[in-house]
Amino acid sequence: MGRLIGKYIKPDIGHVIATIVFTLVQYGIQIFALLPESKRLIDNGVAEKNMDAIWKSVWIMLALTVGVGVCSLLTSYFSARATAGYINRLRNACFRKVESLTPQEFAALGESTLVTRTMADVTQMQMTVLNILRLWLIVPVMIILELIMIARLNLTIFFILFGFFAITVFFLVYFGAASRGGFEVLQKKLDRINLLMKERITGARPIRAFRNEELENRKTMDANEDAYNTAIEANRKINFLSPIALVTMSWVVVVIYLVGTSQIQNGMSSISELLLIFQYVTFFITSLVAVPFLVSTLPKSSVSSRRINELLDYESEIKVDWHEVQAPKERKGEIEFKDVIFGYAGAVDVIANVSFRAEAGKVTALIGSTGSGKTTILNLMQGLYQPTFGDILIDGVSIRGCRDPWLKEYFSYGTQRPMIFQDTVRNNICPDPSMQDGERLQSALEASCFDEVLVDKPEGLDYMMSQGGMNISGGQRQRLSLARVFAKDAPVYIFDDTLSALDAKTEQRVLDAMRSRLAGRTVLLVAQKINTVRNADHIIVMDKGRIAGQGKHEELLRSCHAYREIYETQCYLDQEGESK
């Protein structure tokens, strides 16, 4: 935890020092000036019936109180600034780490735990740093100073107070350590709740379609109940801290009253001295009351800091020699797979012995059943995954271990599921402002047929899309995704089953636009339908992670059993539909 705090709070070290200085000044005024002045008020003013001395002490105490208030305000200001700066840098570091993860690493960690670590755990660290600046750094110093001041005034009362204090600290440490494991388990169960909530939100439609609401409600309630019981068990151990501290300190007060009364009767102490001791004891108890709260947050903070460090220090189990790869001198867009083998973590090989060549300026299509490895090939091609064996070349340059920006600029990619953001149509198609006005944007709208959708929208390109594009139909969402692909200027264009929701007429118009507007560019087209890929320059048939055949449509009908089977099935369905 110390390493995590020290690293990210260093730029705000000036605010931290200012917080400590003004806090020490504040409590120094209270302990060494304000409280002793009250003793002088009694000895020199009240006991002597000297009004001048009384008024003098009153004005001094009033000035000291104003000074304490000013120091308290400055302490709050500087501690807030330091905490805000710290949490900003820590959250940015977590976000950058998540952003840098490859899809392979992202899947290995899990989306739910990443959300919990970057949100709940970081928020817990925010509270921890604020408590450190306002309490943890000061309370121990205050307790020591108050004990020293009491020891100077009365050793008997000091030993009584110190004995009860030692007992209290023992119980605080014991119960605080015992609760740490519970909070660690609790954070994992919060990960589970986040995962269930995400599944319920993203899968709302299939849940309703299959009438599984009761099952999902029960799963969520069971997870909540489990987390509730764990939280009760973890907090039960630390909930004893405050009562133990208060009961112990209450007995201290009783014992000190008895001892103090006896000392006054025997002439061993004066009333003003005893009142000053009681004020120190009051400050001591006030400081000690904060200790259970601090101890109770320590197990939570320890667990949160460990989880954040695990994220920031995460290294994939898949060892990849990441290195700088020089971009090709000429951007043709030629892609070559050489005996590529790849498997996800904990799974058998998804694709094996894949070798093919996507020539520059031609349309290369991939077809096959669901799960045959088509999208995996596209992810490998873009450097999102790293092959287990084999090599991938782009314009003759191996991209194995490449994380350079030029690789991302090489592709314009239309995803299998259209990702629509809650923003204008213009920003959804072209996030880069320099591309939002001009012929290219209009050309992209026409090529994707999305310009027809905007005819009924008075706002045009400034029409606001809802999250996930829920204010347009599925086919229109796919057209928007296609417009995004056409709008980017890149050597390679990838259409990952982005025509599946279009009607036959619109699909053909998009394919014609693909031929005419992307002439000279490399196009990779993934589809399920024969009609979509039959005119491609090169067709690759995938079957169970392997290439079952390559060539043109007529060649594959003669030589590839898997392709012919798909063709016969779809032609049969087409004929059956026509007969009906």
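Residues numbered from 1 in each chain as written. Predicted model: local features only at pLDDT ≥ 70, side-chain atom pairs only at ≥ 80, totals over all residues. Heavy atoms only, no water.

Participant: Looking at this structure, I do not really get the overall build of the protein chain. What am I missing?
Facilitator: Helix and strand counts for the protein chain stand at 21 helices and 10 strands. Rg of the C-alpha trace for the protein chain: 35 Å, well past the compact-globule value of 25 Å for 580 residues, more than 25% over. Taken over the C-alpha atoms alone, the protein chain extends approximately 115 × 50 × 45 Å along its principal axes. Across the 580 residues in the protein chain, those meeting the buried criterion constitute 45%. Contacts in the protein chain between residues far apart in sequence, at least 24 positions, make up 76% of those at least 6 positions apart. Only carbon and sulfur atoms are counted for the fraction: they give 58% of the accessible area of the protein chain, which is about 30,000 Å². Side-chain charges of the protein chain comprise 63 positive and 62 negative groups, with the mean position of each set lying 4 Å from the other. (Helix = DSSP H or I, 4+ residues; strand = E, 2+ residues; numbered from the N terminus. Rg over C-alpha atoms; globule rule 2.2 N^0.38 Å. Buried < 20%, exposed > 50% of the residue type's maximum accessible area, 1.4 Å probe, protein only. Contact = heavy atoms within 4.5 Å. Areas by Shrake-Rupley, 256 points an atom, 1.4 Å probe, with all protein chains shown as cover. Lys, Arg positive; Asp, Glu negative; His and termini not counted. Charge placed at Lys NZ, Arg CZ, Asp CG, Glu CD.)

Participant: Is there a simple way to explain the nonpolar core in this structure?
Facilitator: Soluble globular proteins: nonpolar side chains tend toward being buried together. Counting residues in hydrophobic clusters, the biggest one holds 46 residues, and the most contacted among them are Val425, Ile429, Phe495, Met514, Leu525, Ile539 and Tyr563. Counting residues per element, this core draws most heavily on helix H17 (residues 474-487), at 6 residues. If sequence neighbours within four positions are ignored, Leu525 has contacts with Val363, Thr364, Ala365, Leu366, Phe495, Leu499, Leu511, Met514, Thr532 and Val533. (Core = buried A, V, L, I, M, F, W, Y, C linked by side-chain atoms within 4.5 Å.)

Participant: I keep staring at the pairing of strand E8 (residues 522-527) and nothing clicks. Help me out?
Facilitator: Two faces, one strand: in a regular strand the side chains alternate between the faces of the sheet. In terms of burial, E8 is a largely internal element, 6 of the 6 residues being buried. Both faces of E8 are covered, namely the face carrying Thr522, Leu524 and Val526 and the face carrying Val523, Leu525 and Ala527. As defined by bridge partners, strand E3 (residues 363-368) adjoins E8 across 5 bridges and the pair is classed as parallel. Opposite Leu366, over in E8, you have Val526 as the bridge partner. (Pairing = 2+ DSSP bridges.)

Participant: Teacher, can you tell me more about a nonpolar patch on the surface here?
Facilitator: Nonpolar side chains collect at one region of the surface, where Met51, Trp55, Val58, Trp59, Leu62, Val66 and Val70 lie side by side and expose about 710 Å² of accessible area between them. Tracing the backbone through its elements, the reader meets Trp59 in helix H3 (residues 51-100). Accessibility expressed as a relative area gives 56% for Trp59, which makes it exposed. (Patch = residues over 30% accessible without salt bridge, like charges linked within 9 Å, V, L, I, M, F, W, Y side chains within 5 Å. Salt bridge = Lys/Arg side-chain N within 4 Å of Asp/Glu carboxyl O.)

Participant: For this particular structure, what's the right way to read the packing of H3 against helix H5 (residues 111-136)?
Facilitator: Each packed pair of helices is defined by two parameters, the angle between the axes and the distance between the axes. Look at H3 against H5: their axes get within 9 Å of each other, and the N-to-C directions meet at 155 degrees. Comparing the axis directions of H3 and H5 gives the class roughly antiparallel. Here H3 and H5 pass one another in a crossing that is right-handed. Here H3 contributes Ser76, Ser79, Ala80, Ala82, Thr83, Tyr86, Ile87, Leu90, Arg91, Cys94 and Val98 to the contact with H5, which in turn contributes Leu114, Thr118, Met119, Val122, Thr123, Met125, Gln126, Val129, Leu130, Leu133 and Arg134. A breakdown of the residues in the contact of H3 with H5 according to their chemical character gives 14 nonpolar, 6 polar and 2 charged. (Axes fitted to C-alpha atoms, helices over the stretch in contact; angles between N-to-C directions. Parallel < 35°, antiparallel > 145°, perpendicular 65-115°, else oblique. Left-handed = near helix turned anticlockwise from the far one by under 90°. Nonpolar A, V, L, I, M, F, W, Y, C, P; charged D, E, K, R; others polar.)

Participant: Sorry, what's going on with the packing of helix H1 (residues 2-9) against H3 here?
Facilitator: Relative to each other, H1 and H3 sit at 105 degrees, their axes nearing to 9 Å. Considering their axes alone, H1 and H3 lie roughly perpendicular with respect to each other. Across from Leu4, Ile5, Tyr8 and Ile9 in H1, the residues of H3 making contact are Ala82, Tyr86, Arg89, Leu90 and Ala93. A per-class count over the contact of H1 with H3 returns 8 nonpolar, no polar and 1 charged.

Participant: Would you take a moment to explain helix H6 (residues 139-153) for this structure?
Facilitator: With 15 residues, H6 ought to run about 21 Å at 1.5 Å a step, and its terminal C-alpha atoms sit 21 Å apart, in line with that. Among the residues of H6, Val139, Met142, Ile143, Glu146, Leu147, Met149 and Ile150 are the ones counted as buried. The arc that holds every buried residue of H6, seen down its axis, measures 165 degrees, which confines them to one face. (Expected span 1.5 Å × (residues − 1). Arc of directions from axis to C-beta.)

Participant: What is the right way to read the sheet that holds E8 from this model?
Facilitator: The strands making up a sheet associate through backbone hydrogen bonding, with each pair oriented either parallel or antiparallel. Spatially, E6-E7-E8-E3-E9-E10 is the arrangement adopted by the 6 strands of the open sheet, whose pairing is mixed. At either margin of the open sheet sits one strand with a lone partner, and together these are strand E6 (411-414) and strand E10 (546-551). Pairwise comparison of adjacent strand axes, ignoring direction, gives a mean angle of 15 degrees for this sheet. In terms of strand pairing, E3 meets strand E9 (residues 538-543) through 5 bridges, oriented parallel. Each residue of the ladder has a partner; that of Ile367, found in E9, is Val541.

Participant: Explain the side chain of Thr220 here, please?
Facilitator: One can find Thr220 in helix H9 (residues 213-238). Sequence-distant contacts of Thr220, that is, excluding residues within four places in its chain, are made with Leu196, Met197 and Arg200.

Participant: I keep staring at unusual backbone geometry and nothing clicks. Help me out?
Facilitator: Non-glycine residue Asp339 carries a positive phi angle of around 50 degrees. Along the chain, the position of Asp339 falls in strand E1 (residues 335-343). Of note in the backbone geometry, Asn353 takes a positive phi value of approximately 55 degrees without being a glycine.

Participant: Which parts of the structure should I look at to understand the pattern of salt bridges?
Facilitator: Evaluated as defined, the whole model comprises 18 salt bridges. A salt bridge links Arg3 to Asp313, with the nearest nitrogen and oxygen atoms 3.0 Å apart. One end of the pair, Arg3, is in helix H1; the other, Asp313, is in the loop between helix H11 (271-312) and E1, and 310 residues separate them in sequence. Residue Asp313 is classed as partly exposed on the basis of its relative accessible area, which comes to 45%. Measuring nitrogen to oxygen at the nearest pair gives 3.5 Å for the salt bridge that ties Asp462 to Arg426. Of this pair, Asp462 sits in the loop between helix H16 (451-454) and H17 while Arg426 is found in helix H14 (residues 425-429), placing the two residues 36 residues apart along the sequence.

Participant: I'm lost on the packing of aromatic side chains in this one. Help?
Facilitator: Working definition: an aromatic ring pair is given by the centre-to-centre distance plus the angle between the planes. In total, this model carries 9 aromatic pairs according to the counting rule given. Ring plane angle 5 degrees and centroid distance 5.9 Å describe the contact between Phe22 and Phe78, whose orientation is recorded as stacked. Residue Phe22 is found in helix H2 (residues 13-46), and its partner Phe78 is found in helix H3; the two are separated by 56 residues along the sequence. Ring geometry for Phe158 and Phe159: centres 5.2 Å apart, planes at 65 degrees, overall edge-to-face. Put simply, the rings of Phe22, Tyr77 and Phe78 touch in pairs and so form one group of aromatic residues. The cationic tip of Arg331 hangs over the ring face of Tyr410; the distance from NZ or CZ to the ring centre is 5.5 Å. (Phe/Tyr/Trp six-rings, centres within 6.5 Å; stacked < 30°, edge-to-face > 60°. Lys NZ or Arg CZ within 6 Å of the ring centre and 35° of its normal.)

Participant: For this particular structure, what's the right way to read H1?
Facilitator: Residues three or four positions apart in an α-helix share a direction because the helix packs 3.6 residues into each turn. What H1 keeps buried is the set Leu4, Ile5, Tyr8 and Ile9. The buried residues of H1 occupy one face: seen down the axis, they fall within an arc of 100 degrees. Exposed side chains of H1 directed beyond 90 degrees from the buried face belong to Gly2, Arg3 and Lys7.

Participant: Explain the confidence of the model for the protein chain here, please?
Facilitator: Detailed reading of predicted coordinates is not advised where the pLDDT is low. With 92% of its residues at a pLDDT of 70 or more, the protein chain shows a mean pLDDT of 83. Across the protein chain, the secondary-structure element scoring lowest on mean pLDDT is helix H21 (residues 561-579), at 69, and the one scoring highest is strand E7 (residues 492-496), at 94. Under a pLDDT of 50 for its full length, residues 573-580 has, in the predicted model, 1 contact with residues more than four places off or in other chains. (pLDDT = per-residue confidence, 0-100.)

Participant: Honestly, the environment of Glu216 in this entry has me stumped. Any pointers?
Facilitator: Mapped onto the elements of the fold, Glu216 is located in helix H9. A C-alpha to C-alpha distance of 42 Å links Glu216 and Trp322, two positions 106 residues apart in sequence. Those residues within four positions of Glu216 in sequence are excluded, and the remaining contacts are Arg200 and Ile207.

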